[in-house]
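In case you want the letters, here they are:
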Amino acid sequence: MGITSLLFFGFLAVVLIAYYVVPKKAQWIILLVASVVFFAYSSKLLIVYMIATTLLIYLGGLKIQGLNEKFKEKKKELDSREQRKALKADIKKKQHAIITIIVIACIGLLGALKYCNFFGGIINGAVGLFGATPIIPAFSIVIPIGISYYTLMSVSYIVDVYRGSIKAENNYFKLLLFVCYFPHITEGPFDTYDKLAPQFVEEHKFDYDSFVNALCLLLLGLVKKMVLADRLSYISNEVFDNYTNYSGISILIGMISYTLYIYFDFSGCIDAVRGVSRLFGIDIAENFSRPFFSRSIQEFWRRWHITLGAWLKSYVFYPVSLSKLSKSFSKKMNTGCKNKYYAATIPTFLPLICVWLTMGIWHGASWKYIVYGLYYFFIIFIGLIFEPIFAKKLENARKLKGFEIIQIIRTNALVVIGLTMFRADTISIFCKMLKSLASTQINVMNIVHSCVDLHKLDYLLIFVLVVVFFIKEIFEEQGKDVNLFFTSNKFKRWLWITVAIIAIILLGIYGSGYTEQASAYAEF
Amino acid sequence: MEELLEILEGIKPGYDFENSKTLIDDGVLTSLDIIRLVSEIDDEFDVEIGVTDLIPENFNSVEAIMSLIEKLEDED
């Protein structure tokens, strides 16, 4: 049940009516039933994996919290500081054991379902080097929807309980709702329990203005996806699927089309699901903040798939940075390296490589995703190593007005290359595509002739919409809320809703002979 | 406080740390800066900042960082 399907909108209408009709205290139950139905419709019996994961974090959370309470009670009975410290250490040890088992079980289940064939292939390849026959058979496994999303959100919940930043949920069904909340289950964003769970139990009265604003956001997302991104996908699919037919500027057009496609597709879907969630009066996290205006790759990743970056920062980067291994390396660097900058920067190698490898492999069980993660790792780490040299050499250039634009162009060029690797079927194809960029052959019209589903007006529409959204983002970069302009009064809101619905009906890519385009990120 | 300002000056030279209350929210200190800061604070003040302490509220201003250090010193 994709978010652009009529079935989804029928489902949404029924859920909305039920949500605003039932007593306010029961609203979260409607969301839970809807989410379970949504999940079961897409994944059938595979829902048991999600239910089991939730049960695991539920019981684990209660146990960890129970140990905290036990510590508080027993602490009062102890006189000396040493005794209290010893008790605290004992409790921490038990909690650590629980969290380790749960995180390994959650990630292990994800790994077993999503990555077993990939790792099995690696092991078979390794034994093959010694002349042995493959020892691990290839499995045909169907995975439940959103497993990569709900697993990481489950890990964030249990780790936050362990860290003491949230209280464990006493009601299993409320936790289940957090894990499988239908607007965020297929392609995120990664919501955190502390931000989302309180909203589920609040009473939400129907508010006409908020409802219409949410509808505007939902329609904006659908226009981005159905009118623009799905059209762009024809161009990028043509070039990537038939890359041997193209070279030079045509390859570049394919690469840029894919970059724009994935941005408008993913950010469009996020706008749509945020709009859907707001129809219920519930705010879910923002995932994009005009990433193509970034001046560096670090900044790009703070603006693109924001919630994945935040997850990696909280649950990979910081823990690895503060691990005993990292700290001892850091101490050795502090004593052995006279340059303070390098003494502090070189130890970030370990946490950074863990972050980028996790980011790569999260996207899929393939070497290209691992290389994709390492690509960003090298750009960032090499950038850090050369930072003092660049800082000196570019001191004067940085004061120039156009310097920021050069930085933005450089960042976008690196992003386009990265996303080409992401989209190409293999690393070898990616390399061939980059190599053929050097060709001076001009065969752009071949794309036009090959994309038989796109007509001249489609190209014009793509161009106009990209320019319109680009101008909108320029205004937003300057701190102006463009959405407010369209939604500031009744007339403008309904004008926008009418235009958007007409655009989706007349210009959206759907209908007979068209298979509903799943969002690019739904497959992760 | 002076030692802390010295550490911060080493991380972002020339920035007016004393008058900023949104060091994290405005992206002045990145996650890499935070790790560098934590490492130097641990050494300078002989405390141990843990992962649970790494929340924006503890690093948004010099005063907030100082309160965190004092809290950790008290715990010891």
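Reference entry: report on the structure contained in this document. None of the values given here were measured: they were computed from a predicted structure.

## Brief notes about the overall build of chain A
So, point 1. Summing up its helical and strand segments, chain A has 22 helices and 0 strands in all.
So, point 2. Over its C-alpha trace chain A gives a radius of gyration of 25 Å, about what one expects of a compact globule, namely 24 Å for 524 residues.
So, point 3. Across its three principal directions, the C-alpha atoms of chain A cover 80 × 65 × 60 Å.
So, point 4. Taking all 524 residues of chain A together, 49% fall into the buried category.
So, point 5. In chain A, once contacts between residues fewer than 6 apart in sequence are set aside, the share between residues at least 24 apart is 77%.
So, point 6. About 25,800 Å² of surface is accessible on chain A, with carbon and sulfur atoms providing 67% of the total.
So, point 7. Between the mean site of the 54 positive side-chain charges and the mean site of the 35 negative ones, chain A shows a separation of 9 Å.

## Some words on a nonpolar patch on the surface
So, point 1. On the surface, Leu457, Leu460, Phe463, Val464, Val467, Val468, Ile471 and Phe475 of chain A cluster together to form a nonpolar patch covering roughly 740 Å² of accessible area.
So, point 2. With respect to the helices, strands and loops of the structure, Ile471 of chain A is situated in helix α20 (residues 456–477).

## Concerning the packing of helix α5 (residues 147–163) of chain A against helix α12 (residues 306–321) of chain A
Residue and element names in this part refer to chain A.
So, point 1. The contact between α5 and α12 brings their axes to 11 Å, and the two run at 50 degrees. With respect to each other, α5 and α12 are oriented oblique. The way α5 lies across α12 gives a crossing that is left-handed. Listed contacts from α12 to Leu152, Met153, Val155, Ser156, Val159, Asp160 and Arg163 of α5 are Leu308, Trp311, Ser314, Tyr315 and Pro319.

## Some details on the interface of chain B and chain A
By a widely used convention, the size of an interface equals the accessible area lost when the partners come together.
So, point 1. Across the contact, 20 residues belong to chain B and 20 residues belong to chain A.
So, point 2. Together chain B and chain A conceal approximately 1,600 Å² of surface at their shared face, both sides included; 64% is due to carbon and sulfur atoms.
So, point 3. Applying the counting criterion to the chain B and chain A interface returns 3 salt bridges.
So, point 4. Seen at the junction of chain B and chain A, the total is 0 residue pairs in polar contact (both at pLDDT 80 or more).
So, point 5. Sorting the residues of the side of chain B that touches chain A by element identifies α2 (31–45) and α4 (62–75) of chain B as the ones contributing at least two each.

## Re a negative patch on the surface
All names here are of chain B.
So, point 1. A contiguous patch of negative charge, built from Glu2, Glu3, Glu6, Asp43, Glu44, Asp46, Glu70, Glu73, Asp74 and Glu75, is present on the exposed surface.
So, point 2. Sorting the residues of the negative patch by element identifies α1 (2–11), α2 and α4 as the ones contributing at least two each.
So, point 3. The dominant element in the negative patch, judged by the number of residues it contributes, is α4, at 4 residues.
So, point 4. Along the chain, the position of Glu2 falls in helix α1.
So, point 5. Among the residues examined, Glu2 registers a relative accessible area of 66% and is labelled exposed.

## Focus on empty space enclosed by the protein
Residues and elements named next belong to chain A.
So, point 1. Within this structure, the stated rule accounts for 1 cavity of 30 Å³ or more.
So, point 2. Size it by volume and the largest cavity reaches roughly 30 Å³.
So, point 3. Lining the largest cavity we find Thr53, Cys106, Leu109, Leu110, Ile147, Tyr150 and Thr151.
So, point 4. For the lining of the largest cavity, the secondary-structure elements that each account for two or more residues are α4 (81–128) and α5.
So, point 5. Here the residues of the lining of the largest cavity are counted per class, giving 5 nonpolar, 2 polar and no charged.

## Structural notes on α4 of chain B
So, point 1. The end-to-end C-alpha distance of α4 of chain B is 20 Å, a good match for the 20 Å that 14 residues give at a rise of 1.5 Å each.
So, point 2. Taken together, the buried positions of α4 of chain B are occupied by Val62, Ala64, Ile65, Met66, Leu68, Ile69 and Leu72 of chain B.

## A few points about the nonpolar core
Here is a general trend for soluble globular proteins: nonpolar side chains tend to be buried in one another's company.
So, point 1. Grouped together as the largest cluster of nonpolar side chains are 178 residues, with contacts concentrated most on Tyr157, Phe182 and Phe280 of chain A together with Leu4, Leu37 and Ile41 of chain B.
So, point 2. When residues of this core are assigned to their parent elements, the largest contribution, 18 residues, is made by helix α9 (residues 208–241) of chain A.
So, point 3. The residues touching Leu4 of chain B, leaving out its near neighbours within four places in the chain, are Leu37, Ile41, Phe45, Val62, Ile65, Met66 and Ile69 of chain B.

## Here we look at unusual backbone geometry
In terms of backbone geometry, most residues other than glycine have negative phi values and most peptide bonds are trans.
So, point 1. Cis rather than trans, the peptide bond between Gly188 of chain A and Pro189 of chain A has omega equal to 5 degrees.
So, point 2. Inspection of the secondary structure assignment puts Pro189 of chain A in the loop between α7 (182–185) and α8 (193–201).
So, point 3. A positive phi angle is found at Asp46 of chain B, which is not glycine, with a value near 55 degrees.
So, point 4. In this fold, Asp46 of chain B is placed in the loop between α2 and α3 (56–59).
So, point 5. According to the relative accessible area criterion, Asp46 of chain B is exposed, its value standing at 64%.

Rules behind the numbers
- Residues numbered from 1 in each chain as written.
- Chains lettered and ligands numbered in written order.
- Predicted model: local features only at pLDDT ≥ 70, side-chain atom pairs only at ≥ 80, totals over all residues.
- Heavy atoms only, no water.
- Helix = DSSP H or I, 4+ residues; strand = E, 2+ residues; numbered from the N terminus.
- Rg over C-alpha atoms; globule rule 2.2 N^0.38 Å.
- Buried < 20%, exposed > 50% of the residue type's maximum accessible area, 1.4 Å probe, protein only.
- Contact = heavy atoms within 4.5 Å.
- Areas by Shrake-Rupley, 256 points an atom, 1.4 Å probe, with all protein chains shown as cover.
- Lys, Arg positive; Asp, Glu negative; His and termini not counted.
- Charge placed at Lys NZ, Arg CZ, Asp CG, Glu CD.
- Patch = residues over 30% accessible without salt bridge, like charges linked within 9 Å, V, L, I, M, F, W, Y side chains within 5 Å.
- Salt bridge = Lys/Arg side-chain N within 4 Å of Asp/Glu carboxyl O.
- Axes fitted to C-alpha atoms, helices over the stretch in contact; angles between N-to-C directions.
- Parallel < 35°, antiparallel > 145°, perpendicular 65-115°, else oblique.
- Left-handed = near helix turned anticlockwise from the far one by under 90°.
- Buried area = accessible area lost by both parts, 1.4 Å probe.
- Polar contact = N/O pair within 3.5 Å; in protein donor to acceptor, adjacent residues only side chain to side chain.
- 1 Å grid on protein atoms, 1.4 Å probe; cavity = no way out; pocket = protein on both sides within 12 Å on 5 of 7 lines; lining within 4 Å.
- Points joined across faces, edges and corners; volume = space filled by probe spheres on them.
- Nonpolar A, V, L, I, M, F, W, Y, C, P; charged D, E, K, R; others polar.
- Expected span 1.5 Å × (residues − 1).
- Core = buried A, V, L, I, M, F, W, Y, C linked by side-chain atoms within 4.5 Å.

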